Amino acid sequence: MTLSEHVKSLRKQENLTQQELADRAGVGIHFVRDLEQGKKTLQMDKVNDVLRLFGECLGPVKAE
């Protein structure tokens, strides 16, 4: 599952609209749309603002 699919799934589980998620995370609606559409260049701090609402965050991953 991609990050965009994961965030969209979490949002839907909580019955939130994209606007409600944006408001709660303190980010813009366009950012949430870009995130859910899989835009390749996003600010990691804003992604973490969204993920924190669900008790998650991004971090470094060691490549195999």
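As a reminder, the structure under discussion sits directly above these lines.
All chains use their own residue numbering, which begins from 1 and follows the written sequence. pLDDT decides what is reported in this predicted model: residues at 70 or higher carry local features, side-chain atom pairs at 80 or more are listed and counted, and totals for whole chains, interfaces and linings draw on all residues regardless. Hydrogens and water are ignored here; the side-chain numbers use all heavy atoms of the structure.

*Asks:* Help me understand helix α1 (residues 3-13), please; the structure alone is not making it clear to me.
*Replies:* In an α-helix, one full turn covers 3.6 residues, which means residues spaced three or four apart are oriented alike. For α1, every residue scored as buried is listed here: Ser4, Val7, Leu10 and Arg11. Down the axis of α1, the sector holding all buried residues measures 130°, keeping them to one side. Whether two residues touch is decided by their heavy atoms; if any such pair falls within 4.5 Å, the residues are in contact. Secondary structure is summarised from DSSP: a helix means a run of H or I of at least four residues, a strand means a run of E of at least two, and numbering begins at the N terminus for each. On its buried face, α1 sits against α2 (18-25), α3 (29-36) and α4 (44-52). Looking one or two residues past α1, Asn15 carries a phi angle of roughly 55°, positive in sign. Only protein chains enter the accessibility calculation, which uses a 1.4 Å probe. A residue is then buried if its area is under 20% of the maximum for its type, exposed if over 50%, and partly exposed in between. Working note: the arc is built from the helix axis to C-beta atom directions.

*Asks:* Looking at this model, I keep getting lost on unusual backbone geometry. Mind explaining?
*Replies:* In terms of backbone geometry, most residues other than glycine have negative phi values and most peptide bonds are trans. In this structure, Asn15 takes a positive phi of about 55° despite not being glycine. Tracing the backbone shows Asn15 in the loop between α1 and α2. Assessed through its relative accessible area of 67%, Asn15 is described here as exposed.

*Asks:* Help me understand the nonpolar core, please; the structure alone is not making it clear to me.
*Replies:* In globular proteins that are soluble, nonpolar side chains generally tend to be buried together. What we call a nonpolar core is a set of buried Ala, Val, Leu, Ile, Met, Phe, Trp, Tyr and Cys residues that are connected through their side-chain atoms within 4.5 Å. Core analysis: the biggest nonpolar cluster contains 14 residues, and Val7, Leu21, Val27, Phe31, Leu35 and Val50 have the highest contact counts within it. Of all the secondary-structure elements, those providing two or more residues to this core are α1, α2, α3 and α4. Apart from residues no more than four positions distant in its own chain, Val7 is found in contact with Leu21, Leu35, Glu36, Val50 and Leu51.

*Asks:* Help me understand the side chain of Arg11 in this model?
*Replies:* With respect to the secondary-structure elements, Arg11 resides in helix α1. Among all residues touching Arg11, those that are not within four sequence positions of it are Leu16, Thr17, Gln18, Leu21, Glu36 and Phe54.

*Asks:* I keep staring at α3 and nothing clicks. Help me out?
*Replies:* Taken residue by residue, α3 has Ile29, Phe31, Val32, Leu35 and Glu36 as its buried positions. Axial view of α3: buried residues confined to an arc of 160°, hence all on one face. In this structure, the buried side of α3 is in contact with α1, α2 and α4. Following α3 by one or two positions, Gly38 adopts a phi angle in the positive range, close to 80°.

*Asks:* Help me out: how do you make sense of the pattern of salt bridges in this one?
*Replies:* A side chain of one charge can pair with a side chain of the opposite charge if their charged atoms are brought near each other. Each reported salt bridge corresponds to a side-chain nitrogen of Lys or Arg within 4 Å of a carboxyl oxygen of Asp or Glu. Scanning the entire structure with this criterion turns up three salt bridges. Note that Lys39 is salt-bridged to Asp34, the shortest N-O span being 3.9 Å. Using a relative accessible area of 26% as the deciding quantity, one classes Asp34 as partly exposed. Note that Asp49 is salt-bridged to Arg52, the shortest N-O span being 2.8 Å. You can see Asp49 and its partner Arg52 sitting in helix α4, three residues apart, about one turn around the helix. Given a relative accessible area of 28%, Asp49 falls into the partly exposed group. Under the relative-accessibility criterion, Arg52 is labelled exposed at 52%.

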